[in-house]
Amino acid sequence: MRYISTRGDARSVDFEEALFSGYAPDGGLFMPEEIPVLDSNTLRTWSAFSYPELVKELCSLFISSELIPRKELNDLIDRAFGRFRHKNVVNLARLKNELNVLELWHGVTYAFKDLSLSCTGQFLQYFLKKRKKHVTILVGTAGDTGSSAIESVRGESSIDIFVLLPKDLCSQTQELQMTTVIAENVHVFIAHGNSDEIDESIKELFADADFSRKHNLMSLNSINWSRIMVQIAHYFYAYFQCTPSMDMTPLPTVEIVVPTGGGGNVTAGYIAQKMGLPIQLVAVVNNNDIIHRAIQHGDFSLSGSVKPTLASAMDIQEPYNMERIFWMLSDSESSLIKTLMEEFNMSKKVILPKELHRKLLEVLSSCSASDEDIVQTMRRCWEENHYLLCPHSAVAVHYHYKQIDCHLSNKPRCCLASASAAKFQDVVLRAKLVPEVPPEIQALKELETRSTVLTKEENWAETLRDRIEAVTKHFA
């Protein structure tokens with residue numbers, strides 16, 4: 001399996017090189033040259049698999065056995081899931097009013113990103129040990145990515161990780177999960193700005209080819225293909241848990257509702273669909289609704305600045321993974337994608353070509369939820385089920401309740417739950433509910449913290465450049 005850039009001006013690479021990259025050299029994102037298609041007999045066989053078994057099968061399709069032999073791949077994935085609290089790694093909660101909630105948050109940081117990042121961390125360590133080299137990871141986070149990335153590599157001598165988070169725009173728990181990690185290879189920065197501004201500084205460093213090469217710069221944001229690859233398993237597991245039958249021909253369709261910020265998870269869902277999984281995808285967003293507007297009206301444009309919402313990890317105006325979806329929908333027409341994305345980078349405004357918008361509407365539905373919708377959904381779910389939703393998961397369940405209340409659809413549906421409500425105690429209180437706080441999260445408030453502040457006046461990219469030079473000078 002080889003990987004190519006969505007913009008067409010970079011050479012193809014293998015999985016190892018895609019893993020250790022940020023953006024492709026031409027500014028695009030790496031994608032597999034071809035996406036394998038599974039027949040119904042394979043799907044029926046896979047329907048009996050556990051979540052870890054599905055991850056192993058899927059990863060083996062995208063990672064050649066010459067790079068990681070299958071037995072070693074299986075061992076790496078088992079090791080990745082060894083710290084998860086639930087015996088099944090993920091869990092489907094079947095609730096009233098036909099509500100199915102797939103809990104993807106049973107990892108160390110109580111967020112779905114633990115699933116893909118724990119595996120990606122194992123893949124990194126496998127290759128670094130073989131190659132005897134050092135890498136510098138640069139991560140921007142809107143809340144959950146940073147802590148999951150830190151946990152996947154903390155204490156590793158061959159890796160230094162630099163994490164940027166936006167001041168006062170994460171929950172207290174999210175921030176503490178990053179700033180309380182006192183490890184030599186972990187460097188946390190709190191920036192006076194928003195997630196999109198952080199991403200701009202990170203892009204600037206990746207765009208400096210000499211600097212990037214000198215320090216083996218790489219990303220663990222969802223621009224990294226490995227993250228997308230592991231997340232494909234969410235959709236297969238959700239389908240097999242929620243489908244009414246595996247004996248029908250054709251197999252029945254299941255609708256999967258995806259809380260969406262940067263678009264990485266919904267990209268994984270679309271790849272699962274292209275692989276032959278009979279699912280319909282719904283991308284649900286908060287008031288930062290660029291993906292919703294792109295799907296409904298073909299308007300892929302910023303609408304002013306980022307709006308802070310209760311679903312803070314989704315407060316993103318530039319969902320970079322939509323480039324991957326546009327590329328797949330255009331039948332890999334890299335020249336079109338390059339033109340579209342360069343126009344967006346320049347003007348922050350693109351009207352999708354009619355044919356591309358038509359195809360997007362065929363594969364994705366969408367819905368947006370206000371803060372009031374989030375609070376009401378959290379209250380209703382508690383009143384009906386004594387079940388606490390996090391605000392991001394509530395965005396997905398809001399869509400489900402709309403469908404049920406208006407009798408709009410009776411197809412089986414699964415809502416992906418991206419984080420535990422324990423990480424968002426302020427929002428739980430705002431919904432007039434009582435937080436349920438695990439002891440590990442409660443203990444964070446008593447721990448020492450360490451971070452560096454990036455002021456509004458600073459040139460963040462230059463500050464990062466200087467710090468990376470200082471920390472990694474022995475490896476460069």
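Remember, predicted model here, so these are calculated numbers, not experimental data.

(A) Spatial organisation of the pattern of salt bridges. Tallying each qualifying case throughout the model produces 27 salt bridges. With a shortest N-O distance of 3.3 Å, glutamate 151 and arginine 83 are connected by a salt bridge. Residue glutamate 151 is found in helix H6 (residues 145-153), and its partner arginine 83 is found in the loop between helix H4 (70-80) and strand E3 (91-95); the two are separated by 68 residues along the sequence. Notably, a salt bridge pairs arginine 413 with glutamate 255, separated by 2.5 Å at the nearest N-O pair. Of the two residues, arginine 413 is situated in strand E14 (residues 413-417) and glutamate 255 in strand E9 (residues 254-259); the sequence distance between them amounts to 158 residues.

(B) Local environment of unusual backbone geometry. Proline 250 follows threonine 249 through a cis peptide bond whose omega is -5 degrees. Mapped onto the elements, proline 250 comes out in the loop between helix H10 (225-242) and E9. The residue lysine 348 is not glycine, and still its phi comes out positive at about 60 degrees. Residue placement: lysine 348 occurs in the loop between helix H14 (334-347) and strand E12 (349-351).

(C) View of the pairing of E14. Across the five residues that make up E14, a large majority, five, are buried. Alternating positions in E14 separate into two faces, Arg413, Cys415 and Ala417 on one and Cys414 and Leu416 on the other, with burial throughout. Bridge analysis of strand E4 (residues 99-103) against E14 gives three bridges, and the strand direction is parallel. Across the sheet, the residue bridging to leucine 102 is leucine 416, located in E14. Sheet topology places E9 next to E14; three bridges connect them, and they run parallel. The residue bridging isoleucine 256 from the neighbouring strand is cysteine 414, located in E14.

(D) Expanded view of the side chain of serine 418. Mapped onto the elements, serine 418 comes out in the loop between E14 and helix H18 (425-430). Judged by relative accessible area, serine 418 falls into the buried class, the value being 10%. Excluding residues within four positions of it along the chain, serine 418 makes contact with Trp105, Ala111, Phe112, Pro259, Cys390, His392 and Ser393.

Basis of the calculations
- Residues numbered from 1 in each chain as written.
- Predicted model: local features only at pLDDT ≥ 70, side-chain atom pairs only at ≥ 80, totals over all residues.
- Heavy atoms only, no water.
- Salt bridge = Lys/Arg side-chain N within 4 Å of Asp/Glu carboxyl O.
- Helix = DSSP H or I, 4+ residues; strand = E, 2+ residues; numbered from the N terminus.
- Buried < 20%, exposed > 50% of the residue type's maximum accessible area, 1.4 Å probe, protein only.
- Pairing = 2+ DSSP bridges.
- Contact = heavy atoms within 4.5 Å.

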